[in-house]
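In case you want the letters, here they are:
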Amino acid sequence: LMTLGFALTSYFAGKYSDKFGRKPFLLASGFLFAGIILLYTFITNIQQLYILQIIYGIASSLHVTIETSFLGDITNNESRGANVGKYRAITGIIESFAIMGAGYIASILGYKVIFYITSFLIICSTLPLFSLSNSNQGVEK
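Below, the structure is looked at part by part. Since the structure is predicted, the reported quantities are computational estimates derived from the model, not experimental observations.

Conventions adopted
Counting of residues starts from 1 at the beginning of each chain's written sequence and follows it residue by residue. Local features in this predicted model are restricted to residues whose pLDDT is 70 or higher, and side-chain atom pairs enter the listing and the counts only when it is 80 or higher, whereas totals over whole chains, interfaces and linings include all residues. Hydrogens and waters are ignored; side-chain quantities use all the structure's heavy atoms. Where helices and strands are cited, they refer to DSSP runs of H or I of at least four residues and of E of at least two residues respectively, numbered from the N terminus. Each residue gets one of three labels from its accessible area relative to the maximum for its type: buried under 20%, exposed over 50%, partly exposed in between, using a 1.4 Å probe on protein chains only. In this analysis, two residues are considered to be in contact whenever any of their non-hydrogen atoms come within 4.5 Å of each other. Multiplying one less than the number of residues by 1.5 Å gives the expected span of a helix. Directions from the helix axis toward the C-beta atoms define the arc. Two joining distances apply to patches: 9 Å for like charges and 5 Å for nonpolar side chains (Val, Leu, Ile, Met, Phe, Trp, Tyr), and every residue must have over 30% relative accessible area and no salt bridge. Each accessible area is a Shrake-Rupley estimate made with a 1.4 Å probe; only the visible protein chains count as cover when residues are assessed. Take a side-chain nitrogen of Lys or Arg and a carboxyl oxygen of Asp or Glu: if they are within 4 Å of each other, that pair is a salt bridge. The definition of a nonpolar core used throughout is a set of buried Ala, Val, Leu, Ile, Met, Phe, Trp, Tyr and Cys residues joined through side-chain atoms within 4.5 Å. Axis geometry follows a simple rule: fit a line to the C-alpha atoms, using only the stretch in contact for helices, then measure angles between N-to-C directions, giving values from 0 to 180 degrees. Any angle that falls under 35 degrees is termed roughly parallel, while one over 145 is termed roughly antiparallel, one within 65 to 115 roughly perpendicular, and all others oblique. Should the near helix be turned counterclockwise from the far one by less than a right angle, the crossing is left-handed, whereas a clockwise turn marks it as right-handed. Each residue gets one of three labels, nonpolar for Ala, Val, Leu, Ile, Met, Phe, Trp, Tyr, Cys and Pro, charged for Asp, Glu, Lys and Arg, and polar for the others, Gly among them. Each pair of aromatic rings taken from Phe, Tyr and Trp, with Trp reduced to its six-membered ring, is defined by centres within 6.5 Å and is described as stacked if the planes are under 30 degrees apart, edge-to-face if over 60, and tilted in the remaining cases.

### Details of the overall build of the protein
- On a plain count of helices and strands, the protein comes out with 5 helices and 0 strands.
- Along its sequence from the N terminus, the protein presents helices and strands in the succession α-α-α-α-α.
- Viewed in the frame of its principal axes, the protein has a C-alpha envelope of about 50 × 30 × 25 Å.
- Counting the 141 residues in the protein, one finds 27% classified as buried.
- In the protein, the share of contacts with a sequence separation of at least 24, taken over all contacts with a separation of at least 6, comes to 75%.

Written as structure tokens, this is what we have:
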């Protein structure tokens, strides 16, 4: 369901970010992620999980599509591949350590704490995006 939500909205996320800029979509996806992750702690049945997974797929499509477009906007043609590769390598390494740390924390404090911490960290990492200009780089006029 997450993949289906992602697939059905990726094109529109990219298309409308070209029209309205990257910033609103990056902000929306960040806050959506934080909310969805927090909502996982309140799930009481499988239908709620399915709904959250679809919404998570939509948020992922916003984030991944716009993040990649934004990286293209802020890098030059000569080193775009290297810069995107460096970004993906750094985020992958950080994610790996975060997953290991989350496992350790969950073994001590329980799994719900991981969702609370993750939601908080996503909000903290989304707030600086307010300072981005919503320039017309990569935006149709």
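### As for helix α5 (residues 111-126)
- For α5, which comprises 16 residues, the first-to-last C-alpha distance of 23 Å matches the rise-based estimate of 22 Å (1.5 Å per residue) to within 8%.
- Looking only at α5, the buried set comprises Ile 114, Ser 119, Ile 122 and Thr 126. Looking down the long axis of α5, one finds its buried residues gathered within 130° of arc, a one-sided arrangement.
- Close packing links the buried residues of α5 with α2 (23-39) and α4 (80-109).

### Topic: a nonpolar patch on the surface
- Among the surface-exposed residues, Leu 1, Leu 4, Leu 8, Ile 46, Tyr 50, Ile 54 and Ile 58 lie close enough to one another that they form a single nonpolar patch of about 630 Å² accessible area.
- When residues of the nonpolar patch are traced back to their parent elements, those giving at least two are α1 (2-20) and α3 (46-74).
- Looking at which element gives the most residues to the nonpolar patch, the answer is α3, with 4 residues.
- Tracing the sequence through the fold places Ile 58 in helix α3.

### Quick notes on the nonpolar core
- By size, the foremost hydrophobic cluster in this structure holds 8 residues: Phe 33, Ala 34, Ile 36, Ile 37, Tyr 40, Leu 52, Ala 59 and Ile 122.
- Counting residues per element, the ones that place at least two in this core are α2 and α3.
- The contacts of Ala 34, once residues within four sequence positions are left out, are Ser 119, Ile 122 and Ile 123.

### A look at the environment of Thr 68
- Position of Thr 68 among the secondary structure elements: in helix α3.
- Owing to a relative accessible area of 39%, Thr 68 belongs among the partly exposed residues under this scheme.

### Topic: the packing of α2 against α3
- For the pair α2 and α3, the least separation of the axes is 9 Å and the interaxial angle reads 150°. When the axes of α2 and α3 are compared, the pair comes out roughly antiparallel. Crossing angle aside, the handedness with which α2 passes α3 is left-handed. Side by side, α2 and α3 meet where Phe 25, Leu 26, Ser 29, Leu 32, Phe 33, Ile 36, Ile 37 and Leu 39 of the first sit next to Leu 52, Ile 55, Tyr 56, Ala 59, Ser 60, Leu 62, His 63, Ile 66, Glu 67 and Phe 70 of the second.
- Among the residues forming the contact of α2 with α3, the class breakdown is 14 nonpolar, 3 polar and 1 charged.

### A closer look at α2
- The terminal C-alpha atoms of α2 lie 24 Å apart, and with 17 residues this matches the ideal 24 Å at 1.5 Å per residue to within 8%.
- Among the residues of α2, those classed as buried are Lys 23, Phe 25, Leu 26, Leu 27, Ser 29, Gly 30, Phe 33, Ala 34, Ile 36 and Ile 37.
- Those residues of α2 that are buried lie in contact with α1, α3 and α5.

### Here's the deal with the packing of aromatic side chains
- In this structure the tally under the stated criterion is 5 aromatic pairs.
- Ring plane angle 75° and centroid distance 5.3 Å describe the contact between Tyr 11 and Phe 12, whose orientation is recorded as edge-to-face.
- Take Phe 12: its relative accessible area is 44%, and that puts it in the partly exposed class.
- A centroid spacing of 5.9 Å and a plane angle of 45° characterise the contact between Tyr 40 and Phe 115, whose relative ring orientation is tilted. Of this pair, Tyr 40 sits in the loop between α2 and α3 while Phe 115 is found in helix α5, placing the two residues 75 residues apart along the sequence.
- We classify Tyr 40 as buried; its relative accessible area is 18%.

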